[in-house]
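# Architecture and fold: a report
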Amino acid sequence: MSAEQAAHAGKPAAKLWTRDLVLIILVNLCVFTNHIMSLSTFPFFIQSLGGSEAIAGICAAAFAFVAVIIRPFVGWWLDNGVRKVALVVGLLLLGAAPLGYVFVPVLSMSIAFRMLHGVGLSFSNSTTATVASDVICRPRFAEGMGYFGMATALASAIAPALGLTLMEGFGFGVLYAVAAAIAGLGLVLFSFVRTRKVDVPKKKLDLRTIINRDSLPATATMLVFMLTFGALENFVAIFAAENSLPSGSIYFIVMSVMLLVVRVTLGKLVDQRGEAIFVYTCNAAMLVAFLLLAFVPNTVTYILSAALAGYAFGGLEPSLQSMAVHTSSDETRGSANSTFLCGYDIGYGLGGGLAGSLITAMGYSSMWMIVSLACVVSVLIYMAWARHSDTSFSNKANGDKSGSSKKANV
């Protein structure tokens, strides 16, 4: 029996699955289903109002811009002990924005409601992540955050198909009414979550309270990696159509299935061995996924690329989010989550914009090859900055081992 096993002998395992964790995962599923089914159909809605693809692009940029600007302030609010009100506000906005599309079908107002939708997403997913951080037991924190992130994966798999099916079969009115109803369901589910009262000293609103410095190493590592994911989500479907490959929906289904498998089976590895194993292998997997698309695009390599991308995002995102927030306290957990998610949003947005410019200038093959280099940069940032930060699981694990060795040699 190892020393670690002996230390834990006779002690019950820390309980991970609680009613509150299950409920907040379901609320997060509602948040992302509402978001993604609207995201995948909104360009068609803009076209139905007489808008161009350029206008649809402006709407997407406005949505992302507002989400990034609002998110740090949501984090500050959360760090001041607010949980319930912040999520209620977010869910109400997620429900109101789609109804605004339907009842005020005017192009200029649709852009305004789209920005409102971005505000709602910032409030909602920053708060669900913070509530999940509150209720997950510390010994199994990374594993729990991996399960929490499954809601995003499941929404990514079902929401685009659901949105497009409703749009094509019943029209935009039914589509956005369903999106609003899903936000309403999230509100009902959240009413049963027992959010604990967080008693913290009130924090002033300044740069130090809205940006969490401890989470920056994980955030920077994730931001650069997300350049690849932004390029993939925006352009792989068009690339597939132009190269006679299976549809983009096939790619995302394979990717989502792999993502779910990774989070169910491998999430606890971060708690046991640290996040480094995922930073290295996930960036390597995404690098190979992009190079397959760049140099040997055929049906087999296309499906293999999807599986590799699913492993990459499925393993890296919860690992780094856990790293960003696991050492935070009640009074810093909100800003830690919001800072990390800002990096996520910025990387995703820049990745899509960079990829579009590269495709116009050089074509798809060059774009996949160039953007794949972000995986190398992500690893270098992790090795130089994040690997030895105070928030690194791996750093602590190595420190514990060193400490144990020293004690053994005394």
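As shown above, the structure is provided for reference.
Presented here is a report on the structure given in the accompanying data block.

About the thresholds
Residues numbered from 1 in each chain as written. Predicted model: local features only at pLDDT ≥ 70, side-chain atom pairs only at ≥ 80, totals over all residues. Heavy atoms only, no water. Helix = DSSP H or I, 4+ residues; strand = E, 2+ residues; numbered from the N terminus. Buried < 20%, exposed > 50% of the residue type's maximum accessible area, 1.4 Å probe, protein only. Contact = heavy atoms within 4.5 Å. Areas by Shrake-Rupley, 256 points an atom, 1.4 Å probe, with all protein chains shown as cover. Core = buried A, V, L, I, M, F, W, Y, C linked by side-chain atoms within 4.5 Å. Polar contact = N/O pair within 3.5 Å; in protein donor to acceptor, adjacent residues only side chain to side chain. Axes fitted to C-alpha atoms, helices over the stretch in contact; angles between N-to-C directions. Parallel < 35°, antiparallel > 145°, perpendicular 65-115°, else oblique. Left-handed = near helix turned anticlockwise from the far one by under 90°. Nonpolar A, V, L, I, M, F, W, Y, C, P; charged D, E, K, R; others polar. Expected span 1.5 Å × (residues − 1). Phe/Tyr/Trp six-rings, centres within 6.5 Å; stacked < 30°, edge-to-face > 60°. Salt bridge = Lys/Arg side-chain N within 4 Å of Asp/Glu carboxyl O.

Assigned secondary structure in the chain consists of 16 helices and zero strands. Across the 410 residues of the chain, 52% fall into the buried class. In the chain, once contacts between residues fewer than 6 apart in sequence are set aside, the share between residues at least 24 apart is 84%. Put simply, the chain shows about 17400 Å² of open surface, and 69% of that area lies on carbon and sulfur atoms.

The next thing to look at is the nonpolar core. Nonpolar side chains in soluble globular proteins tend to end up buried together. Counting residues in each nonpolar core, the largest one holds 102 residues, and the members touching the most others are Ile24, Met222, Leu232, Tyr251, Met286, Met367 and Trp368. For this core, the element with the highest residue contribution is helix α2 (residues 19–48), accounting for 14 residues. Other than its neighbours up to four places away in sequence, Ile24 contacts Leu87, Thr128, Val131, Ala132, Phe148, Phe190 and Val193. Of all hydrophobic cores here, the second largest spans eight residues; its members include Val66, Val82, Ala86 and Leu93.

Take Thr339: it is sitting in helix α14 (residues 333–362). Looking at Thr339, its side chain comes within polar contact range of the main-chain nitrogen of Asn212, at 3.0 Å.

The topology assignment puts Asn283 in helix α12 (residues 276–295). It is 9.7 Å that separates the C-alpha atoms of Asn283 and Gly315, two residues lying 32 residues apart in sequence. The contact partners of Asn283, leaving out residues within four places of it in the chain, are Phe225, Phe278, Leu316, Cys375, Ser378 and Val379. Within polar-contact distance, the side chain of Asn283 engages the side chain of Ser378 at 3.4 Å.

On to the packing of helix α9 (residues 216–242) against helix α15 (residues 364–386). Between α9 and α15, the shortest axis-to-axis distance is 9 Å and the interhelical angle comes to 165 degrees. Taken as axis vectors, α9 and α15 run roughly antiparallel relative to one another. As α9 packs across α15, the resulting crossing turns out to be left-handed. Residue composition of the contact of α9 with α15, grouped by class: 24 nonpolar, three polar and one charged.

With 27 residues, helix α13 (residues 299–325) extends 40 Å between its outermost C-alpha atoms, agreeing within 8% with the 39 Å of an ideal straight helix rising 1.5 Å per residue. Counting buried positions over the 27 residues of α13 gives 21, a clear majority of the element. One side-chain oxygen of the residue at the start of α13 lies 3.1 Å from the amide nitrogen of Val300, identifying that residue as Asn298.

If you check the backbone angles, Ser244 has positive phi at about 55 degrees while not being a glycine. Relative to the helices and strands, Ser244 is located in the loop between α9 and α10 (248–265).

Summed over all chains, the structure comprises 19 aromatic pairs. Centroid distance Phe290 to Trp368: 5.2 Å. Interplanar angle 90 degrees. Geometry classified as edge-to-face. Taken as a pair, Phe290 in helix α12 and Trp368 in helix α15 lie far apart in primary sequence, 78 residues in all. Residue classification places Phe290 among the buried residues on the basis of a relative accessible area of 0%. Here Trp368 falls in the buried class, since its relative accessible area comes to 0%.

Proximity of charged atoms lets side chains of opposite charge pair with each other. Using the criterion set out here, one finds two salt bridges in the structure. Across the salt bridge formed by Asp20 and Arg194, the nearest N and O atoms sit 3.4 Å from each other. Of the two residues, Asp20 sits in helix α2 while Arg194 sits in the loop between α7 (172–190) and α8 (207–210), which places them 174 residues apart along the sequence. Residue Asp345 pairs with Arg71 through a salt bridge whose shortest N-O separation is 2.6 Å. With Asp345 in helix α14 and Arg71 in helix α3 (residues 53–79), the pair connects residues that are 274 residues apart, well separated along the chain. An identical accessibility class is assigned to Asp345 and Arg71; each is buried.

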